[in-house]
Amino acid sequence: MPVTEGVTEDLELLIEAARNAGEIARPYWQADPQVWDKGGGQGPVTEADLAVDRMLHEYLLSERPDYGWLSEETVDTTSERLGRERVFIVDPIDGTRSFIHGDRNWAHSLAIAEEGEVIAAVVFLPLRERLFAAVKGGGAFLNEAPLRAGRRCDLDGATVLAPRQHLSDENWRGGAPKFIHKFRPSLAYRLALVAQGRYDAMFTFRKTWEWDVAAGTLILTEAGGQVTDLKGQQPVFNQPVPQLDGMVAGCPDLAQGILARLK
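Because the structure is a prediction, the values reported are computed rather than measured. Every residue gets a number counted from 1 within its own chain, in the order that chain's sequence is written. Predicted model: local features are reported for residues with pLDDT of at least 70 only, side-chain atom pairs are reported and counted for 80 or more only, and whole-chain, interface and lining totals are derived from all residues. Side-chain metrics in this entry use all non-hydrogen atoms of the structure; hydrogen atoms and water are not considered.

**Some thoughts on the pattern of salt bridges**
- We define a salt bridge as a side-chain nitrogen of Lys or Arg found within 4 Å of a carboxyl oxygen belonging to Asp or Glu. Under the defined criterion, the tally for this structure stands at twelve salt bridges.
- As a salt-bridge pair, Asp 10 and Arg 86 come within 3.0 Å of each other at their nearest N and O atoms. One end of the pair, Asp 10, is in helix H1 (residues 7-25); the other, Arg 86, is in strand E4 (residues 86-94), with 76 residues separating them in the sequence. For the pair formed by Asp 10 and Arg 86, the shared burial category is buried.
- In this structure, the salt-bridge partner of Lys 136 is Glu 117, at a minimum N-O distance of 3.0 Å. Here Glu 117 lies in strand E6 (residues 117-125) and Lys 136 lies in the loop between strand E7 (130-135) and strand E8 (139-142), a separation of 19 residues in the sequence. Runs of H or I in DSSP of at least four residues are treated as helices and runs of E of at least two as strands, each being numbered from the N terminus. The buried label applies to any residue whose accessible area, calculated with a 1.4 Å probe on protein chains only, is under 20% of its type's maximum; exposed applies above 50%, and partly exposed to all values in between.

**Comments concerning the UniProt feature "binding site: Mg(2+) 2" (unreviewed entry) in the protein**
- UniProt positions are given in the numbering used here, feature names are shortened, and annotations may be inferred rather than shown by experiment. Following the UniProt record, the feature "binding site: Mg(2+) 2" (unreviewed entry) maps to Ile 93 here.
- Its location among the elements puts Ile 93 in strand E4.
- Taking relative accessible area as the criterion, Ile 93 reaches 1% and is therefore assigned buried.
- Note on definitions: a residue-residue contact is assigned when non-hydrogen atoms from the two residues lie within 4.5 Å. Filtering out sequence-adjacent residues up to four positions away, Ile 93 remains in contact with Ala 25, Ala 48, Asp 49, Phe 99, Trp 106, Ala 107 and His 108.

**Here we look at the packing of aromatic side chains**
- By convention, a stacked pair of Phe, Tyr or Trp rings (six-membered ring in the case of Trp) has centres within 6.5 Å and planes under 30 degrees apart, an edge-to-face pair has planes over 60 apart, and any other such pair is tilted. Here the structure, examined in full by the defined rule, presents ten aromatic pairs.
- Ring centres 5.3 Å apart and planes at 45° place the aromatic pair Tyr 67 and Phe 88 in the tilted group. Of the two residues, Tyr 67 sits in the loop between helix H2 (47-63) and strand E3 (68-71) while Phe 88 sits in strand E4, which places them 21 residues apart along the sequence.
- By relative accessible area, Tyr 67 is classed as buried at 8%.
- Through pairs of rings, three or more aromatic residues link up here, namely Trp 172, Phe 179, Phe 203 and Phe 205.

**Description of helix H5 (residues 187-196)**
- Of all ten residues in H5, nine are buried; the element is thus mostly enclosed.
- Among the residues making up H5, those that are buried are Leu 187, Ala 188, Tyr 189, Arg 190, Leu 191, Ala 192, Leu 193, Val 194 and Ala 195.
- Gly 197 occupies a position one or two residues after H5 and carries a positive phi of about 85°.

Spelled out as structure tokens, the structure:
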């Protein structure tokens, strides 16, 4: 599959923006940043999230003024972004709770979608110096080294990244498979870790915001994995309501096996 026109330049832009975001966020980490509750079950936001969001909005749109904008920390102008051919989909800090608690596993998640598909993506963990990147049709990389998702097919013994409550027998036909359970707070990072082959699969049964998973979806797909919602449908991005019906991701055989076992 050929690389979409102009996407290499878009990826370079996202990489530079992600590294700039890391420079802004680092001084706030473990420095008691101001925190607010967004209400409505949306969780916390810190002054670091907002500072990163302001920089990304100004920088990215100054470079690509004809692109739309969708970010967790910006008021959504739905009609404006739906009318654009390409749109930035951004989570300034994915894993805000981890950021607040002093954990290192938070990320900047940046993507560009075109007609519902992500074409360029970056997930950057500044405190771990891990930069995952992908372009549609051009492969996925960690710090420039090619990524390849694992090839495990058996559910029993598979190492999965998921909330613990998702492994309750009530969610599975015939009871939960004998997974090896692990967890990372950032959905973007979970997808990237599966793309790296360090874990076999990830899933979430909750409604999932596009900005949490847009970048990771392309990275895993370009690494040879499969990403769908809970109905087995490929995700479509830049929707009027930017939410997906959960997510199941891993190598194709394993992901299909998980979907088949879900109630």
